[in-house]
Amino acid sequence: MAHFAKLDENNLVLQVIVVADSDAPTEAEGQTFLQNLYKTTDTYKQTSYNTYGGVHATGGTPFRKNYAGVGYTYDASKDAFIPPQPYNSWTLNEDIYQWEAPVSYPTDGNLYKWNEDTTQWVLNDE
């Protein structure tokens, strides 16, 4: 199966659609198939279900840095799907196109949650 992200005019992902490989043997053919199916000129970009952080989970070639999700942005200059920024203090790691906290996640085995007010990880007491 092939997966395609439907983009709005700002390259924001609105929807991810699964298409049979026979209908999308190439990205261009998949785009045409979807435009004909929905009778639209919308923009569709193929995305890889197995790609996260620039790594392909099964050892294949990573594609567009991340599997697209609703709310992600497609950056055409980087040819990458970028997830929404979770907090204002987090920065984008442009090697893996994932957001990173300004402080590393603790490795003591406890569960933590991010506190944006203090820009620190705090124990998750919930």
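Structure's up top.
Keep in mind that this is a model prediction, so the values were computed, not measured. (Residues numbered from 1 in each chain as written. Predicted model: local features only at pLDDT ≥ 70, side-chain atom pairs only at ≥ 80, totals over all residues. Heavy atoms only, no water.)

### Comments concerning the pairing of strand β11 (residues 120–123)
Part 1: Sheet topology note: the strand β10 (residues 112–115)/β11 ladder contains four bridges and is antiparallel. Along β11, the bridge assignment pairs Y112 with L123. (Pairing = 2+ DSSP bridges. Helix = DSSP H or I, 4+ residues; strand = E, 2+ residues; numbered from the N terminus.)

### Some remarks on the sheet that holds strand β3 (residues 43–47)
Part 1: A sheet is described by the order of its strands in space; here three strands give the open sequence β2-β1-β3, paired in antiparallel fashion. Both outer strands of the open sheet, β2 (13–19) and β3, are each paired with one neighbouring strand and no more. The average angle at which neighbouring strand axes cross in this sheet is 30°, direction not considered.
Part 2: Where strand β1 (residues 2–7) and β3 come together, five bridges link them in antiparallel fashion. What sits directly across from A5, in β3, is K45. (Axes fitted to C-alpha atoms, helices over the stretch in contact; angles between N-to-C directions.)

### Here we look at the packing of aromatic side chains
Part 1: Applying the stated criterion across every chain yields a total of nine aromatic pairs.
Part 2: With a centroid separation of 5.2 Å and an interplanar angle of 80°, the aromatic rings of Y49 and Y67 are classed as edge-to-face. Of this pair, Y49 sits in the loop between β3 and β4 (51–52) while Y67 sits in the loop between β5 (55–56) and β6 (73–75), and the two are 18 residues apart along the sequence.
Part 3: Y49 sits in the exposed class, given a relative accessible area of 56%.
Part 4: The class of Y67 is partly exposed, set by a relative accessible area of 24%.
Part 5: Between Y87 and W114, the aromatic rings sit 6.3 Å apart at their centres with planes inclined by 50°, giving tilted as the arrangement. Here the residue Y87 occupies a position in the loop between β7 (80–82) and β8 (91–93), and W114 occupies one in strand β10, the gap between them amounting to 27 residues.
Part 6: Members of the aromatic cluster, joined through ring pairs, are Y87, W90, Y105, Y112, W114 and W121. (Phe/Tyr/Trp six-rings, centres within 6.5 Å; stacked < 30°, edge-to-face > 60°. Buried < 20%, exposed > 50% of the residue type's maximum accessible area, 1.4 Å probe, protein only.)

### A short note on the environment of F63
Part 1: Inspection of the secondary structure assignment puts F63 in the loop between β5 and β6.
Part 2: A relative accessible area of 29% places F63 in the partly exposed class.
Part 3: Separated by 20 residues in sequence, F63 and P83 place their C-alpha atoms 15 Å apart.
Part 4: Other than its neighbours up to four places away in sequence, F63 contacts Q46, T47, S48 and T51. (Contact = heavy atoms within 4.5 Å.)

### What to know about the pairing of β1
Part 1: Within β1, five of the six residues are buried, which leaves it mostly tucked inside the rest of the structure.
Part 2: Note that β1 and β2 share six bridges and pair antiparallel. Across the sheet, L7 pairs through a bridge with V13, a residue of β2.
Part 3: Counting the residues that bridge the hairpin from β1 to β2 gives five residues, and of these N11 lies at a positive phi of roughly 65°.

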